[in-house]
Amino acid sequence: MKNSSGLAGGFFAISEWIMRFSLSNLLWALFNLPIGLLLLSLLYLENGSGALYLAVPLVVLLPILFFPATTALFAKAREWVRNEEDVGTTQSFFSHYKNNYKMSLLSGLIFVILWGVLAADIYYFSSRNSMLMNLFLVLGILLFVWTLNFFSVAVHYHMKLGALLKHSFFITIGSPLLFIAVAISAGIILYISLYMFQVIIPLFTGSLVSFLAFSAYYRLHLKLSNKTS
């Protein structure tokens, strides 16, 4: 059936990609279910004083659950972009999750601290200095793209954590086209997911973001490799 051509082959290819994206995203969403429930509780919280009690477990769970699961999702995206043989979505997702867990946990701790400091600065200056608040918002976009690029670099190279952080940071600030491509594609998907079609969040949002972000990074990687070869 995979060798079929024409309309039937096209429908099969589309359905196969939909299945890959949705199954991987569902696994990712399942790992992040506690985080999702905490976020929903924060959104519908009527008493602001209770936000701290929800924020603390949320911050704790991000490096433990979100970063390892997202790393596994980016590893699946790498397989799709490189047209590697699919050994089974569930099996390979769990394998990537397990093999990269320590690195993902440690990097998650670092990025959660960075995001926490940034969020605190934005909150503090929002009512005191609009210029500084806007500056921190711009830094937030930079940190957002750096975080996505880190996932791409982490699943493509076998490096120590410090080298992964430095390499992903330098390509973030040194590759304007990559920065724009990742920021715009991820921003559009997140906007559509959060404000227009929330139903796609557990089905496609994470898979689409990881696929497009890694595609942009891998295109840059091939371009740089061709220049040095």
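Residues numbered from 1 in each chain as written. Predicted model: local features only at pLDDT ≥ 70, side-chain atom pairs only at ≥ 80, totals over all residues. Heavy atoms only, no water.

(A) Focus on the overall build of the protein. Scanning the protein from terminus to terminus reveals 9 helices and 0 strands. Computed over its C-alpha atoms, the radius of gyration of the protein comes to 19 Å, within 12% of the 17 Å expected for a compact globule of 229 residues. Along the three orthogonal principal directions, the C-alpha set of the protein runs to about 60 × 45 × 35 Å. Counting the 229 residues in the protein, one finds 39% classified as buried. (Helix = DSSP H or I, 4+ residues; strand = E, 2+ residues; numbered from the N terminus. Rg over C-alpha atoms; globule rule 2.2 N^0.38 Å. Buried < 20%, exposed > 50% of the residue type's maximum accessible area, 1.4 Å probe, protein only.)

(B) Structural detail: helix H8 (residues 176–195). For H8, built from 20 residues, the straight-helix expectation of 28 Å at 1.5 Å per residue is met to within 8% by its first-to-last C-alpha distance of 28 Å. Of the residues making up H8, those classed as buried are Leu178, Val182, Ala183, Ser185, Ala186, Ile189 and Ser193. (Expected span 1.5 Å × (residues − 1).)

(C) Representation of the pattern of salt bridges in the model. In total, this model carries 4 salt bridges according to the counting rule given. A salt bridge links Glu16 to Arg20, with the nearest nitrogen and oxygen atoms 4.0 Å apart. Of this pair, Glu16 and Arg20 both sit in helix H1 (residues 6–31), 4 residues apart, which is roughly one turn of the helix. Of the two residues examined, Glu16 and Arg20, each falls in the buried class. (Salt bridge = Lys/Arg side-chain N within 4 Å of Asp/Glu carboxyl O.)

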